[in-house]
Amino acid sequence: MIVQTAYQTDHGGGTPLHDTDLLTRASWVDAAYACIQIQRGKATGNIRALRCRVCLQHYLVRVGRSVERHCGKVVFLGLLLLSLCCVGLKTATLDTKIEDLWVEDGGRLSRELKYVVSHLGEGSGTTNELVLQLPKVSGTNVLTVQSLLLHLEALKTATRVVVDLFGISWTFRHICNTASLPSFGENDFFNSILHNLEACLIITPLDCFWEGSKLLGPDSDVTIPFVGHKVKWTNLNPKEILQQIGASFSSLDIEEVLDRAGISSAYQEKPCLNPHDPECPTTAPNYLSKKIPDVAAVVNGGCSGFATKFMHWEENLILGGIHKNRSGSITRAEALLSMVQLMGELDLYEFYKDHHKVQGIDWNQNASRQVLEVWQRTFTQEVEKAVLAQNKTQDYSVYSFSSTSLVDILEHFSQSSILRVVLGYIFMLIYTSLMLMKLNDTVQSHAAVGVAGVLLVALSVAAGLGICSVVGIKFNASSTQIIPFLAMGLGVNDVFLIAHTYSQLSESGIAFREQTGECLKRIGVTILLTSFGNSSAFFVASIIPIPAMRTFCLQCAVVTLFHMASILLVYPAIMSLDLKRQREQRIDLFCCFKRFALTSDVSLPLPDISSSRPVRYGRRHRTDGRRSHVMHQTVAFTDLDGSRPTTTLAAADTSRPSARSIDVRSPPHSTASSSQCLASAESNSWCKCLTPCCHRAVRWSLSHFAKNVYGPCLQQTPVKILVICLFLVCLVAGIVGIARIKDGLDLTDIVPRFTKEYKFLEGQSKYFGFYHFFAVTQSNFDYSSTNGQMLLHSYHQAFQQVDKIIKSDSGNLPDFWLQVFRSWLLEIQKAFDDDVASGYIVQSGSSKNATSSGRLGYKLIIQTGDNNNPRNTKRFTDGRLVDSTGIIYPPAFYVYLTAWTSNDPLGYEKSQAVFRPKPHEWIHDNSDPSDKIQRSRALTFAQLAFYLHNLGDTQSIITTIKEIRNICDTFSDRGLPNFPNGIIFTYWEQYINLRFFLMLALIAVLAVDFVVVTIVLVNPWSAVIVVVVMAMVVVELFGFMGLFSIKLNAIPAVILIVAVGVSLQFSIYVTMGFLTSTGTRNQRMVLALDYFFAPIFHGAVSTLVGVVMLCESEFQFIFKYFFVVLSAMVIVDMGNGLVLIPVLLSIIGPNAEFIPADDAEQLSPPSPKPPPRRPHADADKHERQNREKRVLQRMPPVDQLSTITEESSRCSSVISVDVVPEVVITTSTRGHSPTVPPATAAFTSGTGRREGRDFCSGQGHCCSCNRMRSNSRPVSESTSIPSGQQVTKIVATTRVKVEVHTPSPGVTAYLPEYKSKKRKRRDSVNTTVITGFDSSGSDS
């Protein structure tokens, strides 16, 4: 019942029964009709699939008809809504933070980062500004005086950078990370001196030389009382100053503190690179000799800052490309690296939040971030300028790089190039318009429809992304670089498919008002299937916890839905407007102009037919066996604008006007108008010249190629074997490529070549591969217990096995905070023991002769750590700060921690422990006898600092990450909660699980596509074939990346997911065409290619045309990972969709869902409907009165019917005669003849039809009018042709169709009981087709 209702509803002028597609693609053209044929027993098939498609086609037809009726409103509202959605792009935010893009949501790394932020705050820590010096000639030694002096100038320029922001000048000293010098309690004199001498931390090989002091400042000289000169670090000798002021102040305590930090003579005893420098100190080793120092020997073993105990820089940290001799001494190096440390944004904010410097401005963490970013950008610019000025004739290159530089690179890379996208769409517009343009018929050309489709796709992409922005989905590199071209490819494929169907329907007999609905009925199901399948797959793939991939999948899904709505609602409305343009004979792309015509009236004298009798139509044939033919004389007229061409039959005897005229106005379905042939002679000559080219272009179209060349070629068994073998080889190559592909993305890949950033990253990766990371210990752990301290020491020692960690010359790891803490306590213990042995300290207290450290030791030893009883003097005799096993006294652990962090700031800063909660502050005052020390709170956060080097590639980084992770996991199992933290984990750890998540996404996408295809097609075997081909596409593309050294990272990963979506379109098109066709597998395969080859090919080529702009990108990464991979994706998808899947379907394809009875190649043509019943008394009269009308009634061409079903002869028959006239018009120009001789033409009906088609366009479009109605128009007595006017020759061929019907029961009673002999003879004829038009009254 549903099928019958849909069939009756959808056929109000829709699919004509003579449509050949209905015979070979019944379920594709009209599933309801196919179901009825199955119900009548004329065919068999998959009735479930057909009923499903009946419902879809029914609603699609209703949508199409509604859109056609209100096409203007739909276009206006559709474009308005899409434009409103595009406004959402104003709220788009671009996310470039690595931790926000590639860290798994809710995963281990995400929890670890949140733990760090919760304890340290957002933006904590320090930032390193790097200065790298390389030789211009690879292999050149940089350990020369000239090289180091150039390095010095670059760093001095960095320290002099000043930026103005918020009305405040920010110098290097305002924002640098300074070394925390020890405090001397309430001794303000020395505290003020040390404050003025605070030095910024710069890790540099220049610290091996006196010139390193020039980087420390201060900006102005510092005056020290009792010292005869002003001092700065270039002439500061702490020991000498202590000796000078020793007479006035007790410098013993100060000297102990400085000795404990390793501060002695600072830089005064280091060699000078330039001993002739006037400021070179006299204490320098080469001051007197003036010899150039041996740079390699000096830097051997690393360099130290002014506090030698806590500021030692390992040689691998500051030198690259080191060469050593057999004794292990450095002989040469190929790179120098210096690191200038700045405060983090959080530290800078907290440092100045109560400072008078920022009063009057809105000082917050965002403002501190802006200060750092502006300063860093200025830093890189100023260093580059200084190097260019100093290095004009030298052999070295200096590159600066900051953390902001990396952020800027990522942000610039993530931004989509508007010019590139626009040019890509322009190229696609040009290609689409050229492919859909008909130069030989500007009215039937569809270039405007193609252009509108591409623009609509672009608008739908922008609208979908705008909605994503509104709902809070952030953009990233994959969004901006891939989605515009992906959506363009997916959308234009559907545009070409609709345009292809629309073009075919415009040449059929379907009424104009039904073509939109018919177009949606035929291809709407396919578009729904692919769009819904892709959007569902993308939604399911968004379960991937990696934010960048999840965001990409969600955006793709939303854009696909917008694209589907635009294609199925707005685009049909645009087609309906184009149909109106065609009805009004307006030119494609220039719809303001109608078809071109020059003449107003064209007349032609005709031969004498005055004696002709009224036209008779009969069924007798000529005795010579030939078809009869006829020649007519006509006069053709057009309006001034070239419209409404009318051709009138004329008589030779001008005294009697003709009683017949024929309107040759182009019918709606015609692909050309005769007005084209009513142009000037020059235009006609041009048309004739163009005819062969147009004919060849049409003949060798893609559809012709697919049907007559490509399809039959694939039918051959050897070709099938070759194709299967070829794709098996591709599959094997893909598997080999997958095994060879490497993970990762080098930073040099996302930086444009031949830039300073690229050269810096290349050199840093080659010579240093330097990275910093921390091992973080968490809460729920007893740091003070014996087991806890032992476990911490074991934990630190476990990192000894990580080869990439920088170690000291002895091969040991640098000390971590617990070791530094213990060493400080041991020094205090030693000083206490010495004072006790000397009698300066006793159980009751200390004397004035006791050292500051001894007194501090006494205060610490008597601590118990018990809040109720904090001090116990009984511990004086046997108490130890650290026992013999190296364990700090557990009960007083947090009391000692307070004393250490406050009184040994350099040691605490060197350890980079960053305790949370922060320990309390307590400064030991030698003159204060109070021994009350506040106990710090239990630690919940501490970290161990490590430096990594020689991490030049992703594989070595991943290997190191796995080693560190194994250590952390092992100690987590042993009860020490910990995790690693650093840039290498944030950025590169994604590659450890990337393949797993990619595989999960691909499986999810393939599974969803399988389910969707199975449900819509109700054919699991088809879904299996489609999914297998899609999986092969993934393997082949994946392998291609491995074979061409394209590394696997997030960008190729999402392109692999996209490849599945594109492959679904290509595969499902051919599969749908195969399922809905009739015949053998080979025949169905050819029919599928005949219909879908051109749309698939054009869609693929247009996508390639769009992405070709990517090859011009300045980023090597965009060319390599976008252009190459996207191009490979399109080629692989097209190859599988147009080569592999047709061959597979022709071999193991499923049965057709509609199979005619007896396995016929096509469905038998339907019998025409019988004429309506009428009373028998008026039958002959009515027949005579309406014979002329019936003869000239417009009917579809009968040559599309192969046969008419023979009816039973036992019942009376009714004869219906239908005449279809065809007129072929030829126009020429006569210069001066007053009259034109009669035009004569003699040809059979068959040749006449062929010649008429080939005369101008090769299609019968330019100069043929296939159907005309008869009317009356008088002709003047004489037919003369004025000079310069045109002559039209018309050859009319009438095709007469005699149909014999057997009436249904109950109809026979109304027919006359008598029959003439002539009618009896007619009843014996089953099928008669008579061609010809006898104007003389003879039978044709």
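Relevant structure appears above.
On a predicted model such as this, the values are computed, not experimentally measured, just so you know. (Residues numbered from 1 in each chain as written. Predicted model: local features only at pLDDT ≥ 70, side-chain atom pairs only at ≥ 80, totals over all residues. Heavy atoms only, no water.)

Asks: Got a minute to help me understand the pattern of salt bridges in this structure?
Replies: One side chain can pair with another of opposite charge once the charged atoms of both are near each other. A full pass over the atoms with the stated rule returns 24 salt bridges. A salt bridge links arginine 25 to aspartate 1090; the shortest N-O distance between them is 3.8 Å. In this pair, arginine 25 sits in the loop between α2 (20–24) and α3 (26–29) while aspartate 1090 sits in helix α40 (residues 1081–1107), placing the two residues 1065 residues apart along the sequence. Residue class for arginine 25 comes out buried when judged on its relative accessible area of 4%. Residue glutamate 315 is joined to lysine 324 by a salt bridge in which the shortest nitrogen-to-oxygen separation is 2.5 Å. (Salt bridge = Lys/Arg side-chain N within 4 Å of Asp/Glu carboxyl O. Helix = DSSP H or I, 4+ residues; strand = E, 2+ residues; numbered from the N terminus. Buried < 20%, exposed > 50% of the residue type's maximum accessible area, 1.4 Å probe, protein only.)

Asks: Can you walk me through the packing of helix α29 (residues 786–798) against helix α30 (residues 817–838) in this structure?
Replies: If you want to describe how two helices pack, look at the angle between their axes and the distance between the axes. Close contact between α29 and α30 brings their axes to 9 Å; oriented N to C, the two are set at 120°. Considered as vectors, α29 and α30 are oriented oblique to each other. On α30, the residues that touch Gln789, Leu792, His793 and His796 of α29 are Trp817, Leu818, Gln819 and Arg822. Class assignment for the residues of the contact of α29 with α30 results in three nonpolar, four polar and one charged. (Axes fitted to C-alpha atoms, helices over the stretch in contact; angles between N-to-C directions. Parallel < 35°, antiparallel > 145°, perpendicular 65-115°, else oblique. Contact = heavy atoms within 4.5 Å. Nonpolar A, V, L, I, M, F, W, Y, C, P; charged D, E, K, R; others polar.)

Asks: It is not clear to me how the side chain of arginine 1084 should be interpreted in this structure. Could you clarify?
Replies: With respect to the helices and strands, the residue arginine 1084 is situated in helix α40. Once residues lying within four places of it in the same chain are set aside, the contact partners of arginine 1084 are Gly1073, Phe1074, Leu1075, Ser1077, Thr1078, Gly1079, Pro1150, Asn1151 and Ala1152.

Asks: Please clarify how helix α4 (residues 31–39) should be interpreted in this entry.
Replies: Spacing of three or four residues puts side chains on the same side of an α-helix, whose turn is 3.6 residues. Burial of α4 is extensive: eight of the nine residues sit out of reach of the surface. Listing the buried residues of α4 in full gives Ala31, Ala32, Tyr33, Ala34, Cys35, Ile36, Gln37 and Ile38. For α4, the N-terminal capping position is held by aspartate 30, with its side-chain oxygen 3.2 Å away from the main-chain nitrogen of alanine 32. (Polar contact = N/O pair within 3.5 Å; in protein donor to acceptor, adjacent residues only side chain to side chain.)

Asks: In this structure, what is going on with helix α38 (residues 1020–1043)? I would like to understand it.
Replies: Counted at 1.5 Å a residue, the expected span for α38 with its 24 residues is 34 Å, and the 34 Å between its end C-alpha atoms agrees. Where α38 ends, the next residue or the one after it, serine 1045, has phi of about 60°, a positive value. (Expected span 1.5 Å × (residues − 1).)

Asks: What am I meant to see in the state of the cysteines here?
Replies: Put plainly, a disulfide is one covalent bond tying together the sulfur atoms of two cysteines. For the coordinates displayed, the defined rule picks out three disulfides. Residue cysteine 208 pairs covalently with cysteine 303 via a disulfide, S to S 1.6 Å. Judged by the sign of its S-S torsion, about -100°, the cystine formed by cysteine 208 and cysteine 303 is left-handed. Of this pair, cysteine 208 sits in the loop between β5 (202–203) and α12 (238–245) while cysteine 303 is found in strand β6 (residues 303–304), placing the two residues 95 residues apart along the sequence. Grouping residues by exposure puts cysteine 208 and cysteine 303 together as buried. (Disulfide = S-S within 2.5 Å.)

Asks: When you look at the nonpolar core in this model, what are you seeing that I'm missing?
Replies: As a rule of thumb, nonpolar side chains are buried together in soluble globular proteins. With 335 residues, the main nonpolar core has Trp170, Phe306, Phe799, Trp817, Phe821, Leu860 and Ile1057 as its most contacted residues. Apart from the residues within four sequence positions on either side, leucine 860 is in contact with Trp824, Leu825, Ile828, Leu881, Tyr896, Ala899 and Ile933. Among the nonpolar cores identified, the runner-up in size contains eight residues, and Leu120, Phe941, Ala945 and Phe979 belong to it. (Core = buried A, V, L, I, M, F, W, Y, C linked by side-chain atoms within 4.5 Å.)

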